[in-house]
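Analysis of the macromolecular model
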Amino acid sequence: MARAAVKLTELNLPGRDPHLPTLYKAQSHPLHPLKIRYGTAYLYFIDASTEGRRQAAENFDKIIFDKSGSNEKQREASLLQLKPGDMLFTRRIGDDPAGLQDHCKYLFLGREFYGEEKMREMLALQQELLGDPNQRTQEKPHIDPGSGRLVGGTAFERTGVQGAGDGGRTYNIGLTVQSQKGLWAPSKNVKYMGGEPTDQQIMQQRLLNLATEVGSRGLKYIPRAEEMKAYRTMTNAPIIGHPSNYMFDSLQVNVSPATSEAELDKLGANNMLGRSGATHIDGHDDPTSYSCMLSISDVPEEYGLGRLHIKEAGVYVELNSFVVLFFSGLDQHAGTSHYAPHGVELVESAYRLNIILYPASMVARNDGVAPLAAFPLPTSETSAARPYLPLGREIRNYPEDRSSRSPPNHCTQSNFATDGHLLMTPQSQLNYIARSLLQLSTLVTSQIHPDRQDNMLLPSKDRSPIALTVYHPAGRPLDNQPILEADPRDEILRIHKRRIQRCFDHLTQLKEMPSMIVDPDATSPVQGPGGRSAAKNLNSYKKNQLLAVESVGSRSQTAKAAQRSTLQTIKGSDRKGKRKADAEVPARRTRRRTGSETDGNGDLVEDEDDLLDGTFEDEDADLEMGDEERQKDFHGYDEPDSEEDAAEDEAEPRWTRLYSEANLVSEAEAIVPSMPPFQKWPKLFRDASLDPWLLFHKYAFVLQRFAG
Ligand SMILES: O=C(O)CCC(=O)C(=O)O
Ligand SMILES: [Fe+2]
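Quick look at the structure, then. (Residues numbered from 1 in each chain as written. Chains lettered and ligands numbered in written order. Predicted model: local features only at pLDDT ≥ 70, side-chain atom pairs only at ≥ 80, totals over all residues. Heavy atoms only, no water.)

Concerning the packing of aromatic side chains
Inclusion rule: Ring pairs are drawn from Phe, Tyr and Trp, using the six-membered ring of Trp, whenever the two centres fall within 6.5 Å, and their geometry is named by plane angle: stacked under 30 degrees, edge-to-face over 60, tilted for the rest. Under the scheme used here, helices are H or I runs from DSSP no shorter than 4 residues and strands are E runs no shorter than 2 residues, and both carry numbers assigned from the N terminus. Exposed residues in this analysis have more than 50% of their type's maximum accessible area, buried residues have under 20%, and partly exposed residues fall in between, with area computed by a 1.4 Å probe over protein chains only.
One pass over the full model with this rule turns up 8 aromatic pairs. Judged by centre distance (5.8 Å) and plane angle (85°), the ring pair of Tyr24 and Phe45 falls under edge-to-face. With Tyr24 in strand S2 (residues 24–27) and Phe45 in strand S3 (residues 41–46), the pair connects residues that are 21 residues apart, well separated along the chain. Phe45 gets classed as partly exposed once you look at its relative accessible area, which sits at 36%. Centre to centre, the rings of Tyr38 and Phe113 are 5.9 Å apart; their planes meet at 5°, and the pair counts as stacked.

Set out below in structure tokens:
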């Protein structure tokens, strides 16, 4: 029997901006879990057609987004206040009226959902981070000239934790994205310097563990959230914090003092939350996941509560302690400060404390570059752009050579091997590193001549080894593994493809459909190591694939000159020749950052057409000395030399065959013709002990058995 339609009653919201969607109350919505039935389910309709999206974008721009003023004022404007237990759904026009296809946009869980014990832990954490009320001041900590120690601000800030580059009081202690390098890595606050854990590290670890546990627990109320588990296992996305976490990669602590009602809200100011306090989207967020905001402020009861507003739906939440809100950072949102109402004293100890857990798209997809471990430095300038895996004596571990040449001694970049223990459980760190080593081994062995690989029965004949990690049941003997007929990743990719489509439909302000890491339905899915290359792109290269490897060293003048000269050797040595060479490769260049834009509301900082430059802390700005110089070089290298060149850059990228294959390491060579995938693997691991060639695989596989 077909399910009955969910009964919808239009909300009476007089004076509400007509460009906001009409909201309905949904009675007994099937996706609003029983446990939180005392909250309310709300719903609005979206039109997911192309014309509908266009219309939604037009409407969106007309919404007057005024988050200023008291909570009373928000109610007068008929914005909807979400309360604990509330869930807001969107429904595509034409979807099943029984509600099973509805999409959860927001979920607000209050203290009721976490029980006394978790509440106590959260409040203890709040006190630990904010510290003794008598030592708090409204300003950031400063160095006391007498003692030379940090005083004021909050306890967490006094540990010396480093803030975002914009001067605001936001602190990232998870993974961060460095977009110019296409790199994601443990944040600069996650750096092991040897010795005993510091106060900062102890506090961070506790915070990370508890916040990701609380956030992950809430996800079970969100329909289909669990799809991300299998997907992220398949992509080998690392897990930070609590072992139950399968969505959150980055954790930001937002610290801001209360203001007085007489003052305009200052949350977006540089000494407050900077970018995070202004109207924004979090452009690095994964569109198929949720952000989670945990609010654990400490302000006197008579204060007005700060809020988080979400523009598109015309909703907000008041940030009493304790708030757990799930939403997408790709919907425009903005916070406001707690405030002392007229006639109430503003005390220095009154603080807003928000912890935001973000799902990073690059991490969920395991895309871009992750620093796995410290590695040997190039020995000369000219080797800076080396397109190979350098095995110097540093990695051979000669007994006499465990000295300052050791890679960890010179690597300032936080990475998973050296610093991962500050972020991950032993199990998560082992999982991530063991699987990444398997992938690395696949990359190396897949470059061996295909005929020879046949003799060697290498698993690199197939795609990435991640399937093993998905499929291999823990504790089962290696020689008793199931023979797989199909690549188990295909099904996971198909589910994810549907998920992307659905999430895109419900994120009406997203400009482009998010892409897949690999399309499971693409014809002839020939794949290279890591499973990235589609057959159609064989032998064709984007120009930027020819450019320097994005390492610090590769941005030196020497590397630049070396690469220019290579290009010129290939295509003749004059300028014309160079331009001709350029014309035969796609000429898309890195778009320059446009910086913040301001709209009529005064504080809009939008980044939505530049998804790589969103709110995740961008660490490039404060890398070690000298990097800025190199950075300039790097950009200079890829910048137009003349107006003529600039005009070329506007053109659509063209895919073309590049030079002769002999000039380049052809991607085709790295791609092994497909063969029936998994049949030989169990035998392979049985044989491994007999064959020194396969020793590494065996070793890595044994690591796998300990991994989950
Ligand atoms: O603290 C807040 O008001 C929310 C901040 C936010 O959205 C962010 O940090 O990305
Ligand atoms: Fe945000």
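Having seen the model, we can carry on.
Some details on the site of ligand 1
Definition in use: Being near a molecule or strand, for a residue, means having at least one of its heavy atoms within 4 Å of it. Each polar contact in these results corresponds to two N or O atoms within 3.5 Å; when the atoms are within protein, one needs to be able to donate a hydrogen and the other to accept it, and residues that are neighboring in sequence are counted only if both atoms are side-chain atoms. Only the protein chains shown count as covering a residue, and every accessible area follows the Shrake-Rupley method with a 1.4 Å probe. Gly is put with the polar residues, along with every residue not named as nonpolar or charged; the nonpolar set is Ala, Val, Leu, Ile, Met, Phe, Trp, Tyr, Cys and Pro, and the charged set is Asp, Glu, Lys and Arg.
Ligand 1 sits among 13 residues. The nearest are Asn254, His333, Arg352, Asn354 and Tyr358. The separation between an oxygen atom of ligand 1 and a polar side-chain atom of Ser276 is 3.1 Å. Taking Arg352, its side chain carries an N or O atom lying 2.7 Å from an oxygen atom of ligand 1. Protein contact buries 100% of the 290 Å² of open area that ligand 1 shows by itself. Secondary-structure elements contributing two or more residues to the shell around ligand 1 are strand S12 (250–257), strand S18 (333–335) and strand S20 (351–358). It is S20 that provides the largest number of residues to the shell around ligand 1, a total of 4 residues. Looking at the shell around ligand 1 residue by residue, the class counts come to 4 nonpolar, 7 polar and 2 charged.

A look at the coordination of the iron ion (ligand 2)
Keep this limit in mind: Only nitrogen, oxygen and sulfur atoms qualify as donors, and only when within 2.8 Å of the metal (3.2 Å in the case of Na, K and Ca); with water excluded, sites may look incomplete.
Protein coordination at the iron ion (ligand 2): the donors are His280 (NE2), Asp282 (OD) and His333 (NE2), at 2.1 to 2.3 Å from the metal. All donors of the iron ion (ligand 2) belong to a single chain; written as a sequence motif, their spacing is H-x1-D-x50-H. Here the residue Asp282 occupies a position in the loop between strand S13 (259–260) and strand S14 (291–295), and His333 occupies one in strand S18, the gap between them amounting to 51 residues. Asp282 gets classed as buried once you look at its relative accessible area, which sits at 1%.

Description of the environment of Asn254
Using the following cut-off: Residue contacts are defined here by distance: any two heavy atoms, one from each residue, within 4.5 Å place the two residues in contact.
Summarising the element assignment, Asn254 is placed in strand S12. Residues Asn254 and Ser295, 41 residues apart in the sequence, show an inter-C-alpha distance of 9.5 Å. Not counting residues within four places of it along the chain, the set of residues in contact with Asn254 comprises Arg169, Thr170, Leu273, Ser276, Arg352, Leu353, Asn354 and Ile356. Side-chain polar atoms of Asn254 contact the side chain of Gln252, separated by 2.8 Å.

Observations regarding helix H6 (residues 227–235)
Let me state the cut-off plainly: Here the arc refers to the directions that run from the helix axis out to each C-beta atom.
Buried within H6 are the following residues: Met228, Tyr231, Arg232, Met234 and Thr235. Viewed along the axis of H6, the buried residues span an arc of 155°, placing them on a single side of the element. Following H6 by one or two positions, Asn236 adopts a phi angle in the positive range, close to 65°.

Brief notes about the pairing of strand S17 (residues 323–327)
As a general feature of sheets, a regular strand has side chains that alternate between the two faces. Counted only if it meets this: By the convention used here, strands pair only if DSSP detects at least 2 bridges between them.
Burial of S17 is extensive: 5 of the 5 residues sit out of reach of the surface. The side-chain alternation of S17 yields two buried faces, one formed by Val323, Leu325 and Phe327 and the other by Val324 and Phe326. Alignment of strand S6 (residues 103–109) against S17, held across 3 bridges, turns out to be antiparallel. Residue pairing across strands places Leu109 opposite Val324, the latter belonging to S17. Two elements, S14 and S17, share 5 bridges in a ladder whose sense is antiparallel. For Met293, the partnering residue across the bridge sits in S17 and is Leu325.

Read these as spatial facts, not as claims about activity.
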